[in-house]
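Given next are the chains, with one letter for each unit.
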Amino acid sequence: AQTVTQSQPEMSVQEAETVTLSCTYDTSESDYYLFWYKQPPSRQMILVIRQEAYKQQNATENRFSVNFQKAAKSFSLKISDSQLGDAAMYFCALSPGGGADGLTFGKGTHLIIQP
Amino acid sequence: SAVISQKPSRDICQRGTSLTIQCQVDSQVTMMFWYRQQPGQSLTLIATANQGSEATYESGFVIDKFPISRPNLTFSTLTVSNMSPEDSSIYLCSVVVPRDGAHTFGSGTRLTVV
């Protein structure tokens, strides 16, 4: 069984600043995928970034990057130059195996952007 | 990535009745998943639906309560049966394209049971 832990129920950041959301996980699988999803009030789940466990290089998507520490089972999300549109719930998730299994989600972090 | 059409977007239902939620995908996919998101909570996997076989349910979810159909590679339904107010949640379907690794979600169905 997998577990995903997000220890920050809520985070607040000033517009244009940088914020880091924390995520730790546990799995007995050697191959797995990690994801960050964004859920705005519209409830649509939007993929922010994904990381394949066998890749050592941290994934980056524009202003979003991850710090993947496989030995520590840590997968944090850094948002640079925060924008008002980044305000949402952010969920960390894990899919074991080759990524084709269902996702195990963390409890989420509510990100507030202060103008 | 795949595009998913999920219906209905919301519904208000009487307790004791059933609701069927539909998900249509614009491409053929092997794996489809159904999730529940209770108010203010995270997403929990209900079951995995493979075409041509019985759905695989996660612990705490049973087929009698959440029957799933998967008649082809582009379509699936989830029925919430004999509903009670505790079933009030958002229900979401998702698919994954192998080798791509990204899980794409439908827009969700907000169910309220009164």
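Scroll up to find the structure this text is about.
Numbering of residues starts from 1 in each chain and follows the order in which that chain's sequence is written. Each chain is given a letter, starting from A, and each ligand a number, starting from 1, according to the order in which they appear as written. Local features in a predicted model are, by the rule used here, given only for residues with pLDDT of at least 70; side-chain atom pairs are given and counted only at 80 or more, and totals for whole chains, interfaces and linings are based on all residues. Computation of side-chain values covers all heavy atoms of the structure but excludes hydrogens and water.

J.: How would you explain the interface of chain A and chain B if you had to name every residue and give the values?
T.: Counting residues at the interface gives 19 residues for chain A, matched by 23 residues for chain B. Across the chain A to chain B interface the summed buried area is about 1,600 Å²; carbon plus sulfur atoms make up 51%. Here, a salt bridge means any Lys or Arg side-chain nitrogen found within 4 Å of an Asp or Glu carboxyl oxygen. If you look at where chain A meets chain B, you find zero salt bridges. Within 3.5 Å is the distance limit for a polar contact, defined as a pair of N or O atoms, with the added protein rule that one can donate a hydrogen and the other accept it, and that residues adjacent in sequence qualify only through two side-chain atoms. Scanning the region where chain A abuts chain B turns up eight residue pairs in polar contact (both at pLDDT 80 or more). Of all the secondary-structure elements, those providing two or more residues to the side of chain A that touches chain B are β5 (32-39), β6 (46-52) and β10 (88-96) of chain A. In the side of chain A that touches chain B, the residues fall into nine nonpolar, six polar and four charged. The contact criterion used is simple: two residues touch if any of their non-hydrogen atoms lie within 4.5 Å. Put simply, buried area is the surface a 1.4 Å probe can reach on two separate parts but cannot reach once they are joined, added for both. Secondary structure elements follow DSSP: runs of H or I no shorter than four residues count as helices, runs of E no shorter than two count as strands, and numbering proceeds from the N terminus. Three categories are distinguished: nonpolar for Ala, Val, Leu, Ile, Met, Phe, Trp, Tyr, Cys and Pro, charged for Asp, Glu, Lys and Arg, and polar for the others, with Gly belonging to the last.

J.: Explain the side chain of Ser 88 of chain B to me, using residue names and the numbers behind them.
T.: Residue and element names in this part refer to chain B. For Ser 88, the position within the fold is in the loop between β8 (75-80) and β9 (89-96). Polar contacts involving the side chain of Ser 88 include one to the main-chain amide nitrogen of Val 113, which spans 2.9 Å. Contact partners of Ser 88, with chain neighbours within four places excluded, come to Pro 39, Leu 111, Thr 112 and Val 113.

J.: So what about the sheet that holds β8 of chain B? Which residues, and what values?
T.: All names here are of chain B. Read from one edge to the other, the open sheet built from four strands follows the order β1-β3-β8-β7, with strand pairing classed as antiparallel. Of all the strands in the sheet, the pair left with one neighbour each is β1 (4-7) and β7 (68-72). Within this sheet the neighbouring strands show an average axis-to-axis angle of 15 degrees, counted without direction. In terms of strand pairing, β7 meets β8 through three bridges, oriented antiparallel. Paired with Ser 69 across the strands is Thr 77, a residue of β8. DSSP calls a pair of strands paired once it identifies at least 2 bridges connecting them. For helices, the axis comes from a line fit to the C-alpha atoms of the stretch in contact; other axes are also lines fit to C-alpha atoms, and the angle between any two N-to-C directions lies between 0 and 180 degrees.

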